[in-house]
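Here's the letter readout for the chains.
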Amino acid sequence: PEETVTSSFASFIHAVRPEHLSKTVRHRSKRMILDSIGVGLVGSTTPVFDIALQYCRLYSPVAVSSVYGKPGMKLSPTLAAFTNGVATHSMDFDDTWHPATHPSGAVLPALLAASQMLPPGTKPNGMDFLLAFNVGLEVQGRLMHFSTEAHNIPKRFHPPSVVGTMGSAAATAKLLSLSATQCAHALGIAASLAGAPMANAATQAKPLHIGNATRLGFEAALLAARGMEANPLILDDIPGCSGFSVFYSVYQPKPLSAPSDHHEFLLEKQDIAFKRFPAHLGMHWVVDAALSVRNLFINYAGSFSPSLIRTIVLKIPVSKYINRPFPSSEHQARHSFQFNACTALLDGEVGLSSFAESSIQRQELRELLDKVVVEHPEDNVANFDKMYGEVALLLHSGDVLTGKCDTFYGHWRKPLSKESLLKKFRLNASHVLPEEKIETIIAVVDNLENLSDSSQL
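In this text, all values refer to a predicted model and were calculated from it rather than measured experimentally. (Residues numbered from 1 in each chain as written. Predicted model: local features only at pLDDT ≥ 70, side-chain atom pairs only at ≥ 80, totals over all residues. Heavy atoms only, no water.)

Before going further, it helps to spend a moment on the packing of aromatic side chains. Going through the model one piece at a time under the given rule, you end up with 12 aromatic pairs. Centre to centre, the rings of Trp 285 and Phe 384 are 6.0 Å apart; their planes meet at 15°, and the pair counts as stacked. Here Phe 384 lies in the loop between β4 (372-375) and β5 (389-395) and Trp 285 lies in helix α11 (residues 283-301), a separation of 99 residues in the sequence. The exposure classification of Trp 285 matches that of Phe 384, with both residues buried. Positioned above the aromatic ring of Phe 82, the side-chain terminus of Arg 215 is 5.4 Å from the ring centre. (Phe/Tyr/Trp six-rings, centres within 6.5 Å; stacked < 30°, edge-to-face > 60°. Helix = DSSP H or I, 4+ residues; strand = E, 2+ residues; numbered from the N terminus. Buried < 20%, exposed > 50% of the residue type's maximum accessible area, 1.4 Å probe, protein only. Lys NZ or Arg CZ within 6 Å of the ring centre and 35° of its normal.)

Here it is in structure tokens:
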């Protein structure tokens, strides 16, 4: 039969082998796995995680898969994936790729749960696990590259709820060693389970997008493994019959080449962004710009004195859902240029405690927010590869101090060092795990290729 886009993806998922992973890809993906686990662990301390866990405990008769931050607790595999996915995005602290999505949280929880689900003697080893994880990333990245619309900050749907569901299906299909035909059906089934509107950004419902992506992709692979069929052209652009193209106004799919000795994964060319504090990625530009101008202000005045400031000008890209002048909840605050810039100015940092209600409601913070004016320069586009953040302080004296950030620390152009990544992981994990277990996880992930049973992770 003539090769289609969908069949080429299915063939790739089925045929790709561990030896196709380069040293760079293995290194980068292990950093992602470690960061995602840490983010999931600290995310297990949040109210939205507790709500999801209470729900899942109503429907978990076959409890074999572990839950982040809850030693000894098990859920059914798909519900464990869902709960851990919610934990991963509960603080908006998880990694971000370009084009824009959160790739790890949509894939890793499904693979962790599936590894524990499989019976003894059939457990995938660490290299199989690493390969499946990268298959999930690759499928997400390839699908996003089919549309120029995907390169910009989203407006209609939350990307991981769409491409993440497909990536989870692909990753789980690989881990379960499905046939090429079953892989194609898994993608088709997943497409019918995908999607979530951007209107739920900055609410407790947003973490459900990641939880559903990893769970529903997992379920799609399980259904395909049991013989369920779907449209074999789901990724192809068929006039008059929308498949995956329904999510994009411009969609130009291309076949995925069969893996060869020289196959280059997208992760080889496009590194990942790791967040230094738990908020939407766009916040990291304005925080670094605010910290820069804060240092100038202290050199100018001797200390940070808000009374000397007449106006705070933020120059940011147009993106309605992260332009929030007066956020009233932690989730709104994580999606507010204004809040994060003013918090950085006031405190000299942004961290976990910045999003507590007591921090959000501070009078001195509200007074700074009252001084903010937002501008949208034409050259500041809503694109994580091209945008910048600029914070200008217009003082009562008439002087103007300006800080600007083109690339924050943690962006793929300025990756976190090993030391910074480990510091973040240790701090996050320490909220729920003792030191010896934290160091064990670091060692296991670092040597994942040599792990004989991936369910040990």
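Next up on the list: the pattern of salt bridges. One pass over the structure, following the stated rule, counts 16 salt bridges. Note that Arg 426 and Glu 439 form a salt bridge whose closest N and O atoms lie 2.8 Å from each other. Here Arg 426 is found in helix α16 (residues 418-429), whereas its partner Glu 439 is found in helix α17 (residues 435-446), with 13 residues between them in sequence. Accessibility expressed as a relative area gives 34% for Arg 426, which makes it partly exposed. In this structure, a network of salt bridges that share partners links the residues Arg 26, Lys 30 and Glu 449. (Salt bridge = Lys/Arg side-chain N within 4 Å of Asp/Glu carboxyl O.)

Looking now at the nonpolar core. As a rule of thumb, nonpolar side chains are buried together in soluble globular proteins. Formed by 98 residues in total, the largest nonpolar core has its most connected members in Leu 235 and Phe 244. Ranked by residue count, the leading element in this core is helix α6 (residues 126-144), at 11 residues. Each residue touching Phe 244, except ones within four places of it in the same chain, is listed here: Leu 143, Val 162, Val 163, Met 166, Ile 234, Leu 235 and Tyr 251. (Core = buried A, V, L, I, M, F, W, Y, C linked by side-chain atoms within 4.5 Å. Contact = heavy atoms within 4.5 Å.)

Where burial is concerned, the two faces of strand β6 (residues 400-405) differ: the one with Leu 401, Gly 403 and Cys 405 is buried and the one with Val 400, Thr 402 and Lys 404 is not. Taken together, the 6 bridges between β5 and β6 define a ladder with antiparallel strand orientation. Counted as the bridge partner of Leu 393 is Leu 401 from β6. What sits between the antiparallel neighbours β5 and β6 is a turn of 4 residues, in which Gly 398 has the positive phi angle 100°. (Pairing = 2+ DSSP bridges.)

This part is about the domain arrangement of the protein chain. Under the domain assignment, the protein chain is made up of domain 1 (5-275 + 417-456) and domain 2 (281-405). Using only C-alpha atoms to locate each centre, domain 1 and domain 2 end up separated by 33 Å. In total, about 1700 Å² of surface goes out of reach between domain 1 and domain 2, with carbon and sulfur atoms giving 67% of it. Across the contact surface, domain 1 and domain 2 share 0 salt bridges. The interface formed by domain 1 and domain 2 holds 5 residue pairs in polar contact (both at pLDDT 80 or more) in total. (Domains from an automatic or database assignment. Buried area = accessible area lost by both parts, 1.4 Å probe. Polar contact = N/O pair within 3.5 Å; in protein donor to acceptor, adjacent residues only side chain to side chain.)

Looking now at the packing of helix α2 (residues 23-43) against α17. Across the interface, α2 lies against α17 with an axial gap of 9 Å and an inter-helix angle of 155°. Relative to α17, the element α2 is oriented roughly antiparallel. Taken as a pair, α2 and α17 cross one another with a handedness that is right-handed. From α2, Lys 30, Ile 33, Leu 34 and Ile 37 reach across to α17, where they touch Ile 441, Ile 442, Val 445 and Asp 446. Within the contact of α2 with α17, the residues separate by chemical class into 6 nonpolar, no polar and 2 charged. (Axes fitted to C-alpha atoms, helices over the stretch in contact; angles between N-to-C directions. Parallel < 35°, antiparallel > 145°, perpendicular 65-115°, else oblique. Left-handed = near helix turned anticlockwise from the far one by under 90°. Nonpolar A, V, L, I, M, F, W, Y, C, P; charged D, E, K, R; others polar.)

Attention now moves to the UniProt feature "domain: MmgE/PrpD C-terminal" (unreviewed entry) in the protein chain. This chain's UniProt record puts "domain: MmgE/PrpD C-terminal" (unreviewed entry) on residues 277-449. Helix makes up 40% of residues 277-449 and strand 14%, and the two end C-alpha atoms of the span are 30 Å apart. (UniProt positions renumbered as here; feature names shortened; annotations may be inferred.)

The next point concerns the sheet that holds strand β3 (residues 309-315). Picture the strands of a sheet paired through backbone hydrogen bonds; they go either parallel or antiparallel. Pairing within the open sheet is mixed, and its 4 strands lie in the order β4-β3-β5-β6. The strands lining the two open edges of the sheet, one partner per strand, are β4 and β6. Going across the sheet, the axis of each strand differs from the next one's by a mean of 20°, ignoring polarity. Where β3 and β4 come together, 4 bridges link them in parallel fashion. By the bridge assignment, Lys 315 is partnered in β4 with Glu 375.

A cis geometry characterises the amide bond from His 98 onward to Pro 99, with omega recorded as -5°. Structurally, the position occupied by Pro 99 is in the loop between α4 (77-89) and α5 (108-117). The backbone of Ser 177 shows a phi angle near 60°, a positive value even though the residue is not glycine. As for its position among the elements, Ser 177 is in the loop between α7 (159-175) and α8 (180-191).

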